[in-house]
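# Descriptive analysis of the structure
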Amino acid sequence: MTSHSLPALFMRGGTSKAIMFDRRDLPADQADWDPIFLSAMGSPDPAGRQLDGMGGGITALSKVCIVSPSERGDVDVDYTFAQVAVKDARVDYKSNCGNMSSAIGPFALERGMVTADGAETVVRIYNTNTDKVIDLPPTKFRTMM
């Protein structure tokens, strides 16, 4: 088995947690993402514990967020949400996680996709799953480094 490494952050958003990836670090073809996300979470795990990954054994703790600078003129970043199944080899891209949406701004700031404008910054997000724009309220950002 060959192993590869990718930069990522493990972040909390509300009551949820997710592995956060910069889209630019992932394969260009989205069809190649599922094996990466499944492996990172430790899925599938018939026992439902995800001991071989970052997942927490329940769907609220088996999430992935993919963020990139947006090419759209009306938003700062694009955000794709992935819900990783615990017991099955399945990744769902049909929904969004409001809790994790709150972590997109800090991640984008940390990765240099957004520049803080003083002590508070509004980050505009395009959710690719739902085709919706999300305005994070003005947030006080502090770099994680």
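A few points on the structure. Along each chain, residue indices are assigned from 1 in the same order as the chain's sequence is written. Per-residue local features of the predicted model are confined to residues with pLDDT of at least 70, and side-chain atom pairs are confined, for both listing and counting, to 80 or more; whole-chain, interface and lining totals are unaffected and use all residues. Heavy atoms from the whole structure form the basis of all side-chain values; hydrogens and water molecules are not counted.

### Comments concerning helix 1 (residues 33–41)
Listed as buried for helix 1 are Trp-33, Phe-37, Leu-38 and Met-41. Considered in projection along helix 1, the buried side chains sweep an arc of 125° and stay on one side of the axis. For helix 1, exposure combined with an orientation more than 90 degrees from the buried face picks out Pro-35 and Ser-39. For helix 1, the elements touching its buried residues are strand 2 (16–22), strand 3 (63–69), strand 4 (77–84) and strand 5 (91–92). Going along the chain from the N terminus, every DSSP run of H or I of four or more residues is numbered as a helix, and every run of E of two or more is numbered as a strand. The positive-phi residue at the C-terminal boundary of helix 1 is Gly-42, with phi of around 85°. Only protein chains enter the accessibility calculation, which uses a 1.4 Å probe. A residue is then buried if its area is under 20% of the maximum for its type, exposed if over 50%, and partly exposed in between. In this description, the arc belongs to the directions extending from the helix axis to the C-beta atoms. Contacts are residue-level and defined by heavy atoms, with any inter-residue pair within 4.5 Å sufficient.

### Some points on the layout of surface pockets
Looking at the largest pocket, its volume works out to about 350 Å³. Lining the largest pocket are 13 residues, with His-4, Ser-5, Ile-36, Ser-39 and Ala-40 positioned closest to its centre. Elements with a contribution of two residues or more to the lining of the largest pocket: strand 2 and helix 1. For the lining of the largest pocket, the residue count by class is eight nonpolar, five polar and no charged. Detection works on a 1 Å grid of protein atoms alone, calling trapped sets that fit a 1.4 Å probe cavities and calling open sets with protein on both sides within 12 Å along at least five of seven lines pockets, with lining residues defined by an atom within 4 Å of a point. Grid points are joined across faces, edges and corners, and a volume is the space filled by probe spheres set on the points. Under the scheme applied here, ten amino acids are nonpolar (Ala, Val, Leu, Ile, Met, Phe, Trp, Tyr, Cys and Pro), four are charged (Asp, Glu, Lys and Arg), and all others, including Gly, are polar.

### Thoughts on the pairing of strand 1 (residues 9–13)
Relative to strand 2, strand 1 runs antiparallel, the two being bridged by five bridges. Along strand 2, the bridge assignment pairs Arg-12 with Lys-17. DSSP calls a pair of strands paired once it identifies at least 2 bridges connecting them. Counting the residues between successive antiparallel strands, the hairpin from strand 1 to strand 2 contains two residues, one of them, Gly-14, with a positive phi of roughly 65°.

### Brief notes about helix 2 (residues 98–110)
Its axis deflected by about 25° at Ile-104, helix 2 carries its strongest bend there, up to four residues before the proline Pro-106. Every buried residue of helix 2 is listed here: Met-100, Ser-101, Ala-103, Ile-104, Gly-105, Phe-107, Ala-108, Leu-109 and Glu-110. Looking one or two residues past helix 2, Gly-112 carries a phi angle of roughly 80°, positive in sign. The quantity called bend is, for any residue, the angle between two axes fitted respectively to the seven residues ending at it and the seven beginning at it.

### Remarks on the nonpolar core
Buried Ala, Val, Leu, Ile, Met, Phe, Trp, Tyr and Cys residues form a nonpolar core when they are joined through side-chain atoms within 4.5 Å. Core analysis: the largest hydrophobic core is formed by 20 residues, its most contacted members being Met-20, Cys-65, Val-77, Tyr-79, Met-100, Ile-104 and Ile-125. For this core, the elements supplying multiple residues, two or more each, are strand 2, strand 3, strand 4 and helix 2. Tallying contributions element by element places helix 2 first for this core, with five residues. For Met-100, the residues in contact, after removing those within four places along its chain, are Met-11, Arg-12, Gly-13, Ser-16, Lys-17, Ala-18, Met-20, Lys-63, Cys-65 and Tyr-79.

### Some words on the side chain of Thr-80
With respect to the helices, strands and loops of the structure, Thr-80 is situated in strand 4. Look at Thr-80 and you get buried, because its relative accessible area is 12%. Distance and chemistry together define a polar contact, namely a pair of N or O atoms within 3.5 Å, with one atom able to donate a hydrogen and the other to accept it when in protein, and with adjacent residues in sequence counting only for side-chain atoms on both sides. Polar side-chain contacts of Thr-80 include one of 2.5 Å to the side chain of Thr-128. Beyond its immediate chain neighbours, meaning those up to four positions away, Thr-80 contacts Trp-33, Val-64, Cys-65, Ile-66, Tyr-93, Thr-128 and Asn-129.

### Quick word on the pattern of salt bridges
For this document, the term salt bridge refers to a Lys or Arg side-chain nitrogen within 4 Å of an Asp or Glu carboxyl oxygen. For the structure shown, the criterion picks out six salt bridges. For Asp-25, the salt bridge is made with Arg-111, and the minimal N-O distance between the two is 3.3 Å. Remark: Arg-111 occurs in the loop between helix 2 and strand 6 (120–121) and Asp-25 occurs in the loop between strand 2 and helix 1; sequence separation between them is 86 residues. Judged by its relative accessible area of 24%, Asp-25 falls in the partly exposed class. A relative accessible area of 30% means that Arg-111 is categorised as partly exposed. Counted as one network, the salt bridges with shared partners bring together Asp-22, Arg-24, Asp-25 and Arg-111.

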